[in-house]
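A closer look at the structure
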Amino acid sequence: MSRITDSAKGQECQVRIPGVCSGDNSTVVWAHAIGLASGRGLGIKAPDLLGAYACHKCHDAYDRRIKPYGVLYHNVKECFYEGHLRSLKILIDEGIIKL
């Protein structure tokens, strides 16, 4: 595990999908971005920098393990990318990422 993934313990979910987010900090993990743009492929995870702090429900919705009723996937992706930016800001503020 990297300092980025280790830092997820105790963090707040930054993805915050309306109607999905559990708000349970004890389930927050570093969720890696998906899709070809992130370098992810079959059996290949995106680099740790390309991710966000996500609770188990937001992570499951983003990775499409669950399909929440009434929530369009493009809204899920938008929440993830906004959460990615918030997560990067936290990593910078905590000195885990240095500019």
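Residues numbered from 1 in each chain as written. Predicted model: local features only at pLDDT ≥ 70, side-chain atom pairs only at ≥ 80, totals over all residues. Heavy atoms only, no water.

It is worth spelling out the packing of aromatic side chains at this point. Applying the stated criterion across every chain, the model contains three aromatic pairs. Between Phe80 and Tyr81 the ring centres are 5.5 Å apart and the planes differ by 85°, which places this aromatic pair in the edge-to-face class. Judged by its relative accessible area of 1%, Phe80 falls in the buried class. Positioned over the ring face of Tyr73 is Arg64, at 3.7 Å from the centre of the ring. (Phe/Tyr/Trp six-rings, centres within 6.5 Å; stacked < 30°, edge-to-face > 60°. Buried < 20%, exposed > 50% of the residue type's maximum accessible area, 1.4 Å probe, protein only. Lys NZ or Arg CZ within 6 Å of the ring centre and 35° of its normal.)

This next bit is on the pattern of salt bridges. Tallying each qualifying case throughout the model produces three salt bridges. The partner of Lys89 in a salt bridge is Asp93, with the nearest N and O atoms 2.7 Å apart. Placement of the pair is Lys89 and Asp93 together in helix H3 (residues 73-93), with a separation of four residues, close to one helical turn. By relative accessible area, which is 49% here, Lys89 ends up partly exposed. Note on Asp93: relative accessible area 54%, which makes it exposed. In this structure, a network of salt bridges that share partners links the residues Asp60, Asp63 and Arg65. (Salt bridge = Lys/Arg side-chain N within 4 Å of Asp/Glu carboxyl O. Helix = DSSP H or I, 4+ residues; strand = E, 2+ residues; numbered from the N terminus.)

Now for the environment of Leu91. As for its position among the elements, Leu91 is in helix H3. Here the alpha-carbon distance between Leu91 and Ile4, two residues 87 residues apart in the chain, equals 7.5 Å. When residues no more than four places from it in sequence are discounted, the contact partners of Leu91 are Ile4, Ser7, Trp30, Tyr53, Ile96 and Ile97. (Contact = heavy atoms within 4.5 Å.)

Quick look at the pairing of strand S2 (residues 51-54) now. The side chains of a regular strand alternate between both faces of the sheet. Here S2 shows no split at all, with Gly51 and Tyr53 on one side and Ala52 and Ala54 on the other all buried. Sheet topology places strand S1 (residues 29-32) next to S2; four bridges connect them, and they run antiparallel. Across the sheet, residue His32 finds its bridge partner in S2, namely Gly51. (Pairing = 2+ DSSP bridges.)

Here we come to the environment of Tyr81. Relative to the elements of secondary structure, Tyr81 occurs in helix H3. The partly exposed category is assigned to Tyr81, whose relative accessible area is 38%. The spatial distance from the C-alpha of Tyr81 to the C-alpha of Ala54 is 11 Å, given a sequence separation of 27 residues.

Another point: unusual backbone geometry. Here Arg16, not a glycine, exhibits a phi torsion of approximately 55°, which is positive. With relative accessibility at 37%, the residue Arg16 sits in the partly exposed group. The residue Arg64 is not glycine, and still its phi comes out positive at about 65°. Examined against the element boundaries, Arg64 turns out to sit in the loop between helix H2 (56-62) and H3. Residue Arg64 is classed as partly exposed on the basis of its relative accessible area, which comes to 48%.

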